[in-house]
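# Topology and contacts: notes
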Amino acid sequence: IAAGSFASILFITFARLAAMSQMGICCQRKGDYAGAHKYWAKAAELGHAEAHYNLSVMYSEGYGVGVGRGKKKEWYHLEQAAIGGNLKARYTLGIREGWCSNHNSERANKHLIIAANQGHDDSMKKLKEIYASGMVGKEDFAAALRAHQAAVDATKSPQREVAAEARSKLGGNYGFL
């Protein structure tokens with residue numbers, strides 16, 4: 001495949017994934033959870049991290065799938081979303097690993113540190129709590145704090161501020177993201 005053709009295929013694939021995810025969000029907002037599940041399942045099958053996260057929430061909360069009917073699917077989609085770079089999924093894994101299921105503080109801290117290093121504010125807040133209780137080391141906390149600040153600084157721009165303001169005026173929540 002020629003470089004131009006590959007770039008075109010890649011662009012079309014990403015556009016389709018975004019469209020499937022958006023259709024899932026539209027269905028979810030209307031209360032059509034079966035439709036949302038259909039679109040997000042297809043997008044997740046193709047590797048869309050946000051679709052994986054949204055499916056994990058559906059299984060966690062029982063939206064259209066029945067409460068408690070898919071813990072393995074919930075965890076699978078949550079892990080796939082985190083692997084795919086979804087920071088909210090990474091944070092959720094950290095919380096659940098440390099406090100809700102396994103009580104594995106070392107694994108929980110790793111999830112939170114990864115998300116904090118990429119600028120996730122809630123993960124940094126949780127790490128501060130954990131550091132104050134002595135459950136994370138000073139060096140790990142300091143490194144996460146520096147990386148978090150660097151990630152936040154790297155994402156600052158006038159365009160992002162305008163977009164954030166517009167999102168907040170529109171309600172700010174797209175799907176379960």
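Because the structure is predicted, anything quoted here is derived from the model rather than measured.

### Considerations on the packing of helix H4 (residues 71-83) against helix H5 (residues 87-100)
- Look at H4 against H5: their axes get within 8 Å of each other, and the N-to-C directions meet at 130°. Taken together, the axes of H4 and H5 lie oblique to each other. For the pair H4 and H5, the sense of crossing is left-handed. Touching Glu74, Trp75, Leu78, Glu79, Ala81, Ala82 and Ile83 of H4 are Ala89, Arg90, Thr92, Leu93, Arg96 and Glu97, all from H5.
- Each residue belonging to the contact of H4 with H5 can be placed in one class, and the counts come to seven nonpolar, one polar and five charged.

### Details of a nonpolar patch on the surface
- A surface patch of nonpolar side chains, amounting to about 310 Å² of accessible area, comprises Phe6, Leu10 and Phe14.
- Assignment of secondary structure puts Phe6 in helix H1 (residues 3-29).

### Here's the deal with helix H8 (residues 138-154)
- Helix length check: H8 (17 residues) gives 24 Å between terminal C-alpha atoms against 24 Å at 1.5 Å per residue, within 8%.
- Every buried residue of H8 is accounted for by Phe141, Ala144, His148 and Ala151. Seen from one end, H8 has its buried residues packed into an arc of 95°, which puts them on one side. Away from its buried face, by an angle of more than 90 degrees, H8 presents the exposed residues Lys138, Glu139, Arg146 and Ala154.
- In this structure, the buried side of H8 is in contact with helix H6 (105-117) and helix H7 (121-132).

### Structural notes on the packing of H7 against H8
- Relative orientation of the contacting elements H7 and H8 amounts to 160°, with a least axis distance of 11 Å. Taken together, H7 and H8 sit at an angle that is classed as roughly antiparallel. Between H7 and H8 lies a crossing of left-handed hand. Note on element contacts: H8 touches H7 through Lys138, Phe141, Ala144, Leu145, His148 and Val152, opposite Asp121, Met124, Leu127, Lys128 and Tyr131.
- The residue inventory of the contact of H7 with H8, partitioned by class, reads seven nonpolar, one polar and three charged.

### Thoughts on the confidence of the model for the protein chain
- Taken as a whole, the protein chain shows an average pLDDT of 88; of its residues, 91% reach a score of 70 or greater.
- Per-residue pLDDT, averaged within each element of the protein chain, yields its smallest value for helix H9 (residues 158-169) (82) and its largest for helix H2 (residues 33-45) (95).

Scoring rules and cut-offs
Counting of residues starts from 1 at the beginning of each chain's written sequence and follows it residue by residue. Per-residue local features of the predicted model are confined to residues with pLDDT of at least 70, and side-chain atom pairs are confined, for both listing and counting, to 80 or more; whole-chain, interface and lining totals are unaffected and use all residues. The side-chain quantities take in all heavy atoms of the structure and omit both hydrogens and water. Each axis is a line fitted through C-alpha atoms, taken for helices only over the stretch in contact, and angles between the N-to-C directions span 0 to 180 degrees. Only DSSP runs of H or I covering at least 4 residues are called helices, and only runs of E covering at least 2 are called strands; the numbering of each starts at the N terminus. Oblique is the label for any angle not covered by the other classes, which are roughly parallel (under 35 degrees), roughly antiparallel (over 145) and roughly perpendicular (65 to 115). If you view the pair so one helix is near and one far, a crossing is left-handed when the near helix is turned anticlockwise from the far one by less than a right angle, and right-handed when it is turned clockwise. Contacts are assigned to residue pairs that have any heavy atoms within 4.5 Å of one another. Under the scheme applied here, ten amino acids are nonpolar (Ala, Val, Leu, Ile, Met, Phe, Trp, Tyr, Cys and Pro), four are charged (Asp, Glu, Lys and Arg), and all others, including Gly, are polar. A patch consists of residues whose relative accessible area exceeds 30% and which take part in no salt bridge; residues with like charges are grouped when within 9 Å of each other, and nonpolar side chains (Val, Leu, Ile, Met, Phe, Trp, Tyr) when within 5 Å. Areas reported as accessible are Shrake-Rupley estimates using a 1.4 Å probe. Residue values count occlusion only from the protein chains shown. When a carboxyl oxygen of Asp or Glu is within 4 Å of a side-chain nitrogen of Lys or Arg, the pair counts as a salt bridge. A helix's residues, less one, multiplied by 1.5 Å, set its expected span. Exposure is judged per residue with a 1.4 Å probe applied to protein chains only, and the accessible area is read against the type maximum: over 50% gives exposed, under 20% gives buried, and values in between give partly exposed. The arc in question is the one traced by the directions running from the helix axis out to the C-beta atoms. The quantity known as pLDDT measures the predictor's confidence residue by residue, on a range of 0 to 100.

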